[in-house]
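What follows is each chain in one-letter form.
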Amino acid sequence: MGSEMTVTGFYCNFLLPSPVSPEGFEKIKANMKAPAEPCVFELHSFSGIHSEEDIPGKFFQRIYVLAFATDRELREHKEQMKLASEADHRKIGAQLSLFSGSGAIGQGLVLWHPKGAMVRVLLEQYQQQMNISNGYSWVFTPHIGKARLWEISGHLENFSEDMYSPLEIDNEKYYLKPMNCPFHISIYNSEPRSYRDLPIRYAEYGTVYRYEMSGTLHGLTRVRGFTQDDAHIFCSPEQIEMELTNTLKLSLHTLSSFGLSGSSIYISTRPEKKAIGSNEQWEVAINILKKAVRNLGLSYDIDEGGGAFYGPKIDIKLLDSLGRDVQCSTIQLDFNLPGRFGMSYMDRDGQFRTPYMIHRALFGSIERFMALLTEHHKGDFLFWLAPVQVGIVPVRPSHSDYCRRLKNKLMDNGIRAEVNNGDMDMRDKIKGFSLEMIPYVFVAGDRDMEASAFFVRSRKNGKLGQMKLEEFLSYVEPELNEGKAKRVLD
Ligand SMILES: [Zn+2]
């Protein structure tokens, strides 16, 4: 039925009378003959896919095949895949009870467990404060909007296969939002704007819903409901270069706070087929994007034809700890929506003009960013992001009260701590905290109680010896500061 090449091989789609079983797949794998040289290949995996023409009693199945020019390349790729599977966020997410999916709820919908939710709260708090400290206004918008809104935005025309069926309320159709943009535009349009108001920057955590084929759903990286750290900037033509430069700067600073660096920047140009705006308009815009990147002394690659139909964009890709390029922030110019929604501002000369619009998401989506962080750090989150930062172990039951008080003092100082007052052996408790990847473990016995102190073990640096609370707090201060939001723009 159709096949397609990927970077590491290809896949083929089949129409079969029954779905492929794991045993059946192994059989096909064993009976497969090598195609023409020079190529080494190996069957990798299979999945069911949906097709527009559903045929009763038939199943669309996709088989993925690894294909390389040499044996060595195939081996290296398999080694890389092994490392990736050890760091797989789905595996670590289950081990550390960070998040899960449930068939009973629906495919592609995520349940955030307390520890995963804690990481999410911390990264959301950081990012919200970063936005507010750097000139963004925080907004909230609904999850659904009337059909008319999505007609104006062009979503129903261009994007409807990714949207869910409408809900009917008071004889009107409403759609779950696939994007937040029309809502931010509606806030802008809620009052007349002057050049003095610009730039206007709205940010929110907008939860959007998009249809993804079930065969393509994957952990947190491809889901059907996700939250974007979304923002829109509305500005004048004179402000656009500065706004783009600042957005890029904010993005790179934010990513470094999460221990992520080694990014590469791509500028996507006009797509060949469908695009709005004149060639000249695109060229001017792309030159502004290039300047914005150069303003920060950075270089870029061109993604020829990779822009959206409504404008060029800057993508930031990160090199993760497994050496993979991971798509992260997107900063997108938009020639389309301001006109469609009749946006305007009164310029200095009394004329009404259409503002420029930038869409930007620095994390991309919170779900995908969580997957990236989990895999990059292999579940061993930075101190400021660790759901539990300190695990406390009493040497004997008689030390439990002291440990509880110690925990409360840590919590009073904003450090998330847990005490293990269980019956198990002290060593097992220490080991348990270590398996949970808790950055610091305190052990407290008689001598510690007498000295109003505790014994500290660090995951990173081993045994640190006896410390008092104040000493520990100043010891971890630099690590805590990595997660403090601050103003980075002038
Ligand atoms: Zn947008």
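Residues numbered from 1 in each chain as written. Predicted model: local features only at pLDDT ≥ 70, side-chain atom pairs only at ≥ 80, totals over all residues.

Some details on the overall build of the protein chain
Then step 1. Tallying secondary structure elements over the protein chain gives 15 helices and 24 strands in all.
Then step 2. Along the longest, intermediate and shortest principal axes, the C-alpha atoms of the protein chain span 75 × 70 × 55 Å.
Then step 3. Residue burial in the protein chain is summarised as follows: out of 490 residues, 31% are buried.
Then step 4. Long-range contacts, defined as pairs at least 24 residues apart, comprise 69% of the intrachain contacts of the protein chain with a sequence gap of at least 6. (Helix = DSSP H or I, 4+ residues; strand = E, 2+ residues; numbered from the N terminus. Buried ≥ 20, exposed ≤ 12 C-beta atoms within 10 Å, placed from the backbone. Contact = placed C-beta atoms within 7 Å.)

Some thoughts on the pairing of strand E19 (residues 356-365)
Then step 1. Among the ten residues of E19, ten are classified as buried, and the element is accordingly described as predominantly covered.
Then step 2. Looking at chain direction, strand E12 (residues 225-235) and E19 are connected through seven bridges and run antiparallel. By the bridge assignment, Gln228 is partnered in E19 with Ser365.
Then step 3. The pairing of strand E16 (residues 325-334) with E19 spans five bridges and is classified as antiparallel. Bridge pairing in E19 links Ile331 to Arg360. (Pairing = 2+ DSSP bridges.)

A short note on the domain arrangement of the protein chain
Then step 1. Segmentation of the protein chain into domains returns domain 1 (3-86), domain 2 (99-141 + 180-376) and domain 3 (383-481).
Then step 2. Distance from the C-alpha centre of domain 2 to the C-alpha centre of domain 3: 39 Å. (Domains from an automatic or database assignment.)

So, the environment of Ser398
Then step 1. Take Ser398: it is sitting in the loop between strand E20 (390-394) and helix H12 (400-412).
Then step 2. The class for Ser398 is exposed, based on 11 C-beta atoms found within 10 Å.
Then step 3. For the pair formed by Ser398 and Asp446, sequence separation is 48 residues and the distance between their alpha carbons is 9.0 Å.

Some details on the nonpolar core
Then step 1. Judged by nonpolar contacts, the single largest core of 76 residues is most densely connected at Val390, Ile392, Leu406, Phe442 and Ala444.
Then step 2. Mapping this core onto the domain boundaries places at least three of its residues in each of domain 2 (99-141 + 180-376) and domain 3 (383-481).
Then step 3. Once residues lying within four places of it in the same chain are set aside, the contact partners of Phe442 are Val390, Ile392, Val393, Leu406, Phe454, Phe455 and Val456. (Core = buried A, V, L, I, M, F, W, Y, C linked by C-beta atoms within 7 Å.)

Some thoughts on the packing of helix H8 (residues 240-257) against helix H9 (residues 279-295)
Then step 1. Where H8 contacts H9, the axes come no closer than 8 Å and their chain directions differ by 50 degrees. Our classification of the angle between H8 and H9 gives oblique. In terms of crossing hand, the pair formed by H8 and H9 is right-handed. On H9, the residues touching Ile240, Glu241, Leu244, Thr245 and Leu248 of H8 are Ile288, Leu289, Lys291, Ala292, Val293 and Asn295.
Then step 2. Among the residues making up the contact of H8 with H9, the classes are represented as seven nonpolar, two polar and two charged. (Axes fitted to C-alpha atoms, helices over the stretch in contact; angles between N-to-C directions. Parallel < 35°, antiparallel > 145°, perpendicular 65-115°, else oblique. Left-handed = near helix turned anticlockwise from the far one by under 90°. Nonpolar A, V, L, I, M, F, W, Y, C, P; charged D, E, K, R; others polar.)

A word on unusual backbone geometry
Then step 1. The residue after Leu198, namely Pro199, is reached through a cis peptide bond having omega 0 degrees.
Then step 2. Following the sequence through the fold, Pro199 ends up in the loop between helix H7 (181-188) and strand E11 (200-209).
Then step 3. A positive phi angle, near 50 degrees, is found at Ser97, a position not held by glycine.
Then step 4. Position of Ser97 among the secondary structure elements: in the loop between helix H3 (89-95) and strand E5 (99-101).
Then step 5. In this model, Asn171 sits at a positive phi of 60 degrees, which is unusual for a non-glycine residue.
Then step 6. One can find Asn171 in the loop between strand E9 (167-169) and strand E10 (172-176).

Considerations on the sheet that holds strand E14 (residues 301-303)
Then step 1. As summarised here, the arrangement of the eight strands in space is E7-E11-E12-E19-E16-E15-E13-E14, forming an open sheet in which the pairing is mixed. The open sheet has two edge strands with one neighbour each: strand E7 (137-138) and E14.
Then step 2. Examined bridge by bridge, E7 and E11 share two bridges and lie parallel to one another. Looking at the pairing, Ser137 lines up with Tyr202 of E11.
Then step 3. H8 rests against E12, strand E13 (263-268), strand E15 (313-319), E16 and E19 of the sheet, and its axis sits at about 5 degrees to E19.

Structural notes on H9
Then step 1. Under the 1.5 Å per step criterion, the end-to-end length of H9 is 24 Å for 17 residues, consistent within 8% with the ideal 24 Å.
Then step 2. Within H9 the residues assigned to the buried category are Trp282, Ala285, Ile286, Leu289 and Ala292. Taken around the axis of H9, the buried residues stretch over an arc of 115 degrees, which confines them to a single face. Counted as exposed and oriented over 90 degrees from the buried face of H9: Glu280 and Arg294.
Then step 3. Lining the buried residues of H9 we find H8, E13, E15 and E16.
Then step 4. Positive backbone phi, approximately 70 degrees, marks Gly297, located one or two places after H9. (Expected span 1.5 Å × (residues − 1). Arc of directions from axis to C-beta.)

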